[in-house]
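# Topology and contacts: notes
Here is how the chains run, residue by residue.
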Amino acid sequence: MKNNLLTLCCFTALFGAALFLSCSEDDNVKLDEGSQIDQNDSTDDQIDGDTSDSVDTTANEAVVGEAFTRGAMLTNWADNIIIPSFEALVDNMDSLSFAANKFTETPNQENFINLKQSWLNAYLTWQTVAMFDIGKAEEITLRNFINVYPLDAQGMTTTLLAGDYDLTSVNRQDEQGFSALDYLLHGLGNSDEEIIAFYTDDTNGLKYKTFLTDIVDRMHSLTSIVLADWKESYRDEFIERDGNAATESVNSMVNDYIYYYEKFLRAGKVGIPAGVFSNSSLSDRVEARYRGDVSKELLIKSLISAQDFFNGVHFSQEDAGMSLKGWINHLEASGETNNIDSLINNQFGLIHLQLENLNSDLGQQVEADNIKMLETYDFLQKNVIFMKVDMLQLLDITVDYVDADGD
Amino acid sequence: MLINSSYFSKTTSSAPLVIFRVAFGLLMFISIIRFWALGWIDKLYIQPHFFFSYYGFDWIKPLGDLTYLLFFVCGLSALFVALGLKYTWAIITFFLSFTYIELMDKTTYLNHYYFVSVLSFLLIFLPAGNYFSWDTFKNSRLSFSQIPQWNIDVIKLLLCIVYLYAGLAKLNSEWLLQGMPLKIWLPTKDYLPMIGFLFRYDWMIYLFAWGGALYDLIIPFLLLNRKTRAFGFIMVVFFHLLTAILFPIGMFPYLMIFSALIFFNYQFHQKVIDGLYRMLRIKKYKGHQIQNVPLQYRLLNKVKIGILALFFLIQIGLPFRYLLYPDNLFWTEEGYRWSWRVMLMEKAGNAQFKIVDNSSRNWFYVNNEDFLTSFQEKQMATQPDFILQYAHFLNEHFSQQGMTDLSIFVDCFVALNGRKSTRYIDPKFDLTKGYESFAHKSWILPFNE
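Okay, so let's go over this structure. If you're wondering where the values come from, they're calculated on a predicted model, not measured in any experiment. (Residues numbered from 1 in each chain as written. Chains lettered and ligands numbered in written order. Predicted model: local features only at pLDDT ≥ 70, side-chain atom pairs only at ≥ 80, totals over all residues. Heavy atoms only, no water.)

## Some points on the overall build of chain B
As a reminder of what qualifies: Only DSSP runs of H or I covering at least 4 residues are called helices, and only runs of E covering at least 2 are called strands; the numbering of each starts at the N terminus. Only C-alpha atoms enter the radius of gyration; for comparison, a globular chain is expected to reach 2.2 Å times N to the power 0.38, where N is the number of residues. Buried residues are those whose accessible area, probed at 1.4 Å on protein chains only, stays under 20% of the maximum for their type, while exposed residues exceed 50% and partly exposed ones sit between those limits. Using the Shrake-Rupley algorithm and a 1.4 Å probe, accessible areas are obtained, with residue cover drawn only from the displayed protein chains.
A tally of helices and strands in chain B yields 18 helices and six strands. Taken over the C-alpha trace, chain B has a radius of gyration of 25 Å; the compact-globule value for 449 residues is 22 Å, and the two agree within 12%. Taking all 449 residues of chain B together, 58% fall into the buried category. A total of about 19600 Å² of accessible surface is found on chain B, and carbon and sulfur atoms cover 65% of it.

## Quick notes on helix α12 (residues 229-246) of chain B
Each α-helix winds once per 3.6 residues, and so residues spaced three or four apart point in a common direction. Put simply, the test is: Helix span is expected to be 1.5 Å times the residue number reduced by one.
Compared with an ideal rise of 1.5 Å per residue, which puts 18 residues at 26 Å, α12 of chain B spans 25 Å between its outermost C-alpha atoms and is within 8% of the ideal. Taken together, the buried positions of α12 of chain B are occupied by Arg-229, Gly-232, Phe-233, Val-236, Val-237, His-240, Leu-242, Thr-243, Ala-244 and Leu-246 of chain B.

## Here we look at empty space enclosed by the protein
Applied cut-off: Of the two site types, the cavity is a set of points on a 1 Å grid over the protein atoms alone where a 1.4 Å probe fits but cannot get out, and the pocket is an open set with protein on both sides within 12 Å along at least five of seven lines, each lined by residues with an atom within 4 Å of a point. Grid points are joined across faces, edges and corners, and a volume is the space filled by probe spheres set on the points. Residues were grouped as follows: Ala, Val, Leu, Ile, Met, Phe, Trp, Tyr, Cys and Pro as nonpolar; Asp, Glu, Lys and Arg as charged; and all remaining residues, including Gly, as polar.
Per the stated rule, a full pass over the model turns up eleven cavities of 30 Å³ or more. If you go around the largest cavity, you meet 19 residues; those closest to its centre are Asp-405 of chain A together with Ser-31, Phe-98, Tyr-113 and Met-251 of chain B. Elements with a contribution of two residues or more to the lining of the largest cavity: α2 (15-37), α5 (87-104), α6 (111-124) and α13 (252-259) of chain B. A total of five residues in the lining of the largest cavity trace back to one element, the largest contributor, which is α2 of chain B. A breakdown of the residues in the lining of the largest cavity according to their chemical character gives 13 nonpolar, three polar and three charged.

## Let's talk about the environment of Met-194 of chain B
All names here are of chain B. You can see Met-194 is positioned in the loop between α10 (182-185) and α11 (202-224). Judged by relative accessible area, Met-194 falls into the exposed class, the value being 76%. Separated by 158 residues in sequence, Met-194 and Trp-36 place their C-alpha atoms 32 Å apart.

## A closer look at the pattern of salt bridges
The condition that has to hold: For this analysis, a salt bridge means a side-chain nitrogen from Lys or Arg found within 4 Å of a carboxyl oxygen belonging to Asp or Glu.
Under the defined criterion, the tally for this structure stands at 23 salt bridges over all chains. Here Glu-175 of chain A makes a salt bridge to Arg-172 of chain A, at a shortest N to O gap of 3.5 Å. Taking relative accessible area as the criterion, Glu-175 of chain A reaches 4% and is therefore assigned buried. Among the salt bridges present, the one from Lys-433 of chain B reaches Asp-430 of chain B, with a minimum N-O distance of 3.0 Å. The class for Lys-433 of chain B is exposed, based on a relative accessible area of 56%. For Asp-430 of chain B, a relative accessible area of 9% gives the class buried. If you follow the salt bridges from partner to partner, you end up with Asp-79, Arg-235 and Asp-236 of chain A in one network.

## Details of the layout of surface pockets
Sizing a probe to match a water molecule and rolling it over the atoms shows the empty space that remains. Residue and element names in this part refer to chain B. By volume, the second largest pocket amounts to about 1100 Å³. Where the lining of the second largest pocket is concerned, the elements lending two or more residues are α5, α6, α15 (295-317) and α18 (384-400). Among the elements that make up the lining of the second largest pocket, the one with the highest residue count is α5 (six residues).

## Observations regarding a nonpolar patch on the surface
Residues and elements named next belong to chain B. Note the threshold: Within this analysis, patches are made of residues with over 30% relative accessible area and no salt bridge. Like charges are joined at 9 Å or less; nonpolar side chains (Val, Leu, Ile, Met, Phe, Trp, Tyr) at 5 Å or less.
Among the surface-exposed residues, Trp-36, Leu-63, Leu-66, Leu-69, Phe-72, Val-73 and Leu-76 lie close enough to one another that they form a single nonpolar patch of about 610 Å² accessible area. Sorting elements by how many residues they give to the nonpolar patch places helix α4 (residues 66-83) first, with five residues. As for its position among the elements, Val-73 is in helix α4.

This is the structure in structure tokens:
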């Protein structure tokens, strides 16, 4: 009798345990889902740009000897790279805001030139944060409001003249941000005088001024929100989630990083203008197309930022802390080694060399000699393979974490 | 010819088969609910634009919103199996619906799902509904407490095949000597409480690799032998719960744990059934004995035995078909599926397709994201049959846009078990000129150690 009951109990307990375990496991899996789906499917036609402005540091020797921990890596990322980059960006946004106000108060040539310079400074710094599409930036889809290009210039002009607009709308993403400023500062006419005339025009001048300050304010506030969130709470959360599961910071950040490199740097800045995804080249798809001669500079900034992140180089400094390179070294120290970190850094080097062959205006490069652009794309693609295939295999991180059972 | 050898006329209690049926049905029912609740039906079978078919099964596709109905039918039939309600129809329905689901997209292929399909096929031929079931509560004349011994033994045989082949597949240098792919997977589990720190040691990886292989190879014998059975079962529970903690393998560990109960003697199962009777307050029927079954039943038995004999021949032979292909099995994956090769490799790849319009000489790359989910893209980039099928899909897609004379090439790099990535597919081969068949795909570049 007692025995029978015991057997039954065992059976139900086991079943219960099975149920419990399978369910609790599901919970984990579910959590991941929300955080991992790329909200950012802005396809290849609309690409955001990115950032940068640190000193050109090449592959520093990352802290040899220091024991690798994911926590140390996350701390380095947050404290020495991500937060300082956002701080610099917000600083630049302050200046941009100031310059925009000054220009709208007194639309003269001097203020106009200052404004254009502030725009470029901020745009370059943007390249240093664009890859950090995580936390608040991800939540508010920062990238989609700051740097979608190509700009819908016609739509933007209609919106601007109508005067009644909601910049928070998803439909307005390609009518604001750096590319909108690019157009407003460089695309309205052929000379400074012609452009300034739009802002001093009796009929529509006020509308142009208002729109200009509105989009600068919006960029300012969005980036400030993200910085504030990092400083107030997200930093600790980011560092605490130091496991290797798909939900954790390391996995998300690495996925975001590679996604950025592949979609926004490789495809957005080079591939799409060179026409690798279309039947013909599209020189008007370059970043900052109205200004023109800075598209290569923006690309270089973005590339350096990506490489610095890989090597753990602190923002705008020479020192480096723990990052992907250190992690790779740590893992390869204990087994046969493919020197994946050198593969990737060497490839970054080759890309830089290739960039020296390009016109500072990538749009002109496409028009004049697109072969060089196509070659650049191939150089960039090679690192997609090193990072996405070789590196991720070593780090045991699943690409775009797929939420499904395995074998 | 009558099958009258002494083995096939031996009978035994039907209790083990009944417990097996209940556990299997309930686990499958839970699996379907879990799959549904996680949103995977939508994610895997509704959202994608394109689905990878198995060779010869391209007529099996997801059914749009009706896919939910398919899962509903599948889940309901699993519940019916557990209850023993219209058992034969329920298990046939379950087998067909579950197998249909698995055939819809080979992206989701898992040995576990294959195991479920195979097992449910086997259960169609077994009288698992003739005792302790809804059917027999309604009509006690259907109830048999004795069934042929082979009805139980075939399940044991299938389980032994699964374990032994899984064990044999691990006897390769990657697994045993390189410790791959566990050397990639386990160290990243070092954040786990209690056991995590162990994975920082190399010897631990080898212990897991050798232990895992040994486990698969000896567990059938431990379970078959009465004296070692209890120990074997403890091993089963330990091993599968460990894998459940370490790897995202869903319900499979629980399925294997409950399946292993079939090895216990009938007294154990009878006690469980008696306990359930009391718990559910069901009046107990004395089952009929099976001895005096009429001839046609024995004829049917003969047919069943014939079918199952063929079934097991296929099960035993199929995993060896890889020997018919040249080159490295892990690299080409020709003859890899349906062979209980579980967790044997870590493979990652990247495939960039180049579409060349032969009439204008224009070319462009494909953005895979436009057509595939990230899961599909990941699977596609490392498996030649996926690459070929996708290329043909692209050809069709762009033909419809007016580009009728296309060549399609792929720039594909694959890394296998920690090796550096190398080119996988001949970049000069026009994939529109390749066709799926059982023959070796000569455009897979040879594996370089």
